[in-house]
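Topology and contacts: notes
Spelled out from the first residue to the last, the chains are:
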Amino acid sequence: MMNIPNRKEYLQQQSQSGQQIMGVLPALYPREMLWAFDILPAEIWDPPGDILHANAHLQATICPVVKRSLEFILKEPDIINAGYLFPHTCDSLQNLATQVKDLIGVPVPVYSFYNPKGEFNRTTRQYYTDILGDFQTILEQQHGSLDRKKLSTACKLGHKIDSRRLELQNARMTDRLPLSNSEYFQLIRAGEYLQPEDYLKLLDAISIPDEPIPNDKARIMVSGILPPHPDMLEYFDDLHLSLVADDLLAGSRRIPRIKLDPPQDPMEYLTERFFLLPPCSTKAGSLDERFRYLNKRIGNSQAQGVLFNIVKFCEPELFDHHLMVKALKDTGIPVLSMDTELQGGLSGQDKTRIEALGELLRDRMVS
Ligand code: SF4
């Protein structure tokens, strides 16, 4: 049984004990650098609650991640005491960063981190190393000189977390992880707010048996930005449908594809790590490469179908979605695409569509 601290309570306790906490918007950022400055990143993806004030600042066709994040920021939560960080993930988040910094204004610093986009080469690697250095300089203005030893320790900790996440992910794909859909994604998402030492303890406490656990559930890979809402995950559990693999920005797209060597030079390690992350719609890379990667993952996990869990109005995902669906269907893989506004509850129509996918996959298992 996993004992995962509640996100809000955990962060409140951290804040009350004097911890510096930075609100970090999705998705890719050098978390090790923040840890080295004794800053705890608290990632903001889908804060719960009604959207009361954010709509006044945003177009109607903006994704719910941006809406919910802005609503959270407008409430000026006192747990966020070290600023906000906006990685360059998509135009919507970049616009939000500008709005929060220049128009709305918040009582804490606002930082940006401009991840590279497109096809990667040697120049891009140099660019990434340079922006890491720039980010360090900017943080030093608020938090004093970076302690190189702390950065080295943080990279070693990050390396252990990545390695364990990779082991757990591979165990899940090969039926050696005794966790339900709900438990697995709760475990993955705990890394968005726990101290790295606490998160590593949690990951290490999960035992991986040597032999596969008998599994007669239908197997599905889920792709998108976030895992399905916990209500939907429970429904998949109820129907004996197992999300055996993921291609999620909040999940496997943030774990290097292979286990890296233990860090020697922190900046080189962080650069290497970034370029070993899987393909992602938000990096605007090659669609062929992304499709090949998805196909390999389907093969490794023996997934029989793919669920696209699309955050409504998410431009990067929608840009790739049509071609990914067509390419998968051409190879005979059943696909279900569902829009999400990141709210709880399931409509009757959602249930019917999930049941239909389950039946199709089960029919294929017996035929
Ligand atoms: S859901 Fe899509 S559009 Fe919204 S912030 Fe994330 S990447 Fe950007």
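Thoughts on the site of the ligand
Every residue lining the ligand is accounted for by C63, V65, V66, C90, L93, V311, C314, E315 and P316. Those elements that provide at least two residues to the shell around the ligand are α3 (64–74) and α12 (315–330). Here the residues of the shell around the ligand are counted per class, giving eight nonpolar, no polar and one charged. Built from parts of two domains, the shell around the ligand gets at least three residues from each of domain 1 (10–144) and domain 2 (213–366).

Some details on helix α13 (residues 348–366)
The end-to-end C-alpha distance of α13, which contains 19 residues, comes to 27 Å, matching closely the 27 Å that a straight helix rising 1.5 Å per residue would cover. Every buried residue of α13 is accounted for by D350, I354, L357, G358 and L361. Summarising the axial view, the buried residues of α13 lie within an arc of 95°, below the 170-degree limit, and thus occupy one face. More than 90 degrees from the buried face of α13, the exposed residues found are G348, Q349, E359 and V366. Where the residues of α13 are buried, they touch β5 (218–224), α9 (230–238), β6 (241–248), β7 (305–311) and β8 (335–340).

Overview of the sheet that holds β5
Reading across from one edge, β6-β5-β7-β8 is the order of the four strands in this open sheet, with parallel pairing throughout. Each edge of the open sheet is held by one strand with a lone partner, namely β6 and β8. Each adjacent strand pair in this sheet contributes to an overall mean axis angle of 25°, direction not counted. The strands touched by helix α6 (residues 148–173) are β5 and β6; relative to β6, the strand with the most contacts, the crossing angle is about 140°.

Some details on the pairing of strand β4 (residues 110–113)
Bridge count for strand β3 (residues 84–87) against β4 is four bridges, and the pairing is parallel. Note that in β4 the partner of L85 across the bridge is Y111. The handedness of the β3 to β4 crossover, carried by helix α4 (residues 91–104), is right-handed.

Focus on the packing of aromatic side chains
Applying the stated rule across the entire model yields nine aromatic pairs. An angle of 70° between the planes, with centres 6.0 Å apart, marks the rings of Y10 and Y193 as edge-to-face. Placement of Y10 in helix α1 (residues 7–16) and of Y193 in the loop between α7 (181–190) and α8 (196–204) is noted, with a sequence separation of 183 residues between them. By the burial criterion, Y10 is buried, and Y193 matches it. Each ring, one from F113 and one from Y128, has its centre 6.0 Å from the other, and the planes form 85°; the classification is edge-to-face. Note that F113 is positioned in strand β4 and Y128 in helix α5 (residues 122–143), a separation of 15 residues in sequence. There is no split in this pair, since F113 and Y128 are both buried. An aromatic cluster of at least three residues, connected via ring pairs, comprises F113, F120, Y128, F135, F274 and F275. Above the ring of F274, the side-chain terminus of K283 is found at 5.7 Å from the ring centroid.

Description of the pattern of salt bridges
For the structure on display, the rule yields 19 salt bridges. Between R189 and D46 there is a salt bridge whose closest N-O contact spans 2.9 Å. Highlighted residues: R189 in helix α7 and D46 in the loop between β2 (39–43) and α3, separated in sequence by 143 residues. By relative accessible area, which is 14% here, R189 ends up buried.

Some thoughts on the side chain of Q14
For Q14, the location among the structural elements is in helix α1. Classification of Q14 by relative accessible area gives buried; the value is 14%. Apart from the residues within four sequence positions on either side, Q14 is in contact with Q19, I21, L40 and Q195.

Points about the environment of L202
Its place among the elements puts L202 in helix α8. Owing to a relative accessible area of 10%, L202 belongs among the buried residues under this scheme. Placed 12 residues apart in sequence, L202 and A190 show a C-alpha to C-alpha distance of 9.0 Å.

Brief notes about the packing of α9 against α13
Between α9 and α13, whose axes approach to 11 Å, the crossing angle comes to 40°. In terms of orientation, α9 lies oblique with respect to α13. Of the two possible hands of crossing, α9 and α13 adopt the one that is right-handed. Here M232, Y235 and F236 of α9 lie close against α13, whose contacting residues are K351, I354 and E355. Residues belonging to the contact of α9 with α13 are distributed by class as follows: four nonpolar, no polar and two charged.

Calculation criteria
Within each chain, residues carry numbers counting from 1 in the order of the written sequence. Selection of residues for local features in this predicted model requires a pLDDT of at least 70, selection of side-chain atom pairs for listing and counting requires 80 or more, and totals for whole chains, interfaces and linings are taken over all residues. Note that the side-chain values use all heavy atoms of the structure and ignore hydrogens as well as water. Near, as used in this document, describes a residue that has one of its heavy atoms within 4 Å of the molecule or strand being considered. A run of DSSP states H or I qualifies as a helix once it reaches four residues; a run of E qualifies as a strand once it reaches two. Both are numbered from the N-terminal end. Throughout this entry, Asp, Glu, Lys and Arg are counted as charged residues, while Ala, Val, Leu, Ile, Met, Phe, Trp, Tyr, Cys and Pro are counted as nonpolar. The remaining residues, Gly among them, count as polar. Residue ranges labeled as domains rest on an automatic or database domain assignment. Each residue after the first adds 1.5 Å to the expected span of a helix. Partly exposed residues are those whose accessible area sits between 20% and 50% of the maximum for their type, while under 20% is buried and over 50% is exposed, using a 1.4 Å probe and protein chains only. It is the directions from the helix axis to the C-beta atoms that the arc portrays. A contact between two residues is defined here by any heavy atoms of the two lying within 4.5 Å. Pairing between strands requires that DSSP locate at least two bridges from one strand to the other. What counts as an axis is a line fitted to C-alpha atoms, over the stretch in contact for a helix, and the angles between N-to-C directions run from 0 to 180 degrees. Assignment of crossover handedness uses the view with strands pointing away from the viewer, where a clockwise path from the first strand over the helix to the second indicates a right-handed crossover. Only centres within 6.5 Å qualify two rings of Phe, Tyr or Trp (six-membered ring in Trp) as a pair; their planes then separate them into stacked at under 30 degrees, edge-to-face at over 60, and tilted for everything else. Whether a charge sits over a ring depends on NZ of Lys or CZ of Arg being within 6 Å of the ring centre and within 35 degrees of the ring normal. The term salt bridge refers to a pairing of a side-chain nitrogen on Lys or Arg with a carboxyl oxygen on Asp or Glu at a separation within 4 Å. What sets the label is the angle itself: under 35 degrees gives roughly parallel, over 145 gives roughly antiparallel, 65 to 115 gives roughly perpendicular, and the rest give oblique. In a left-handed crossing the near helix is turned counterclockwise from the far helix by less than a right angle, and in a right-handed crossing that turn is clockwise.

Interpretation in functional terms is not warranted from these geometric data alone.
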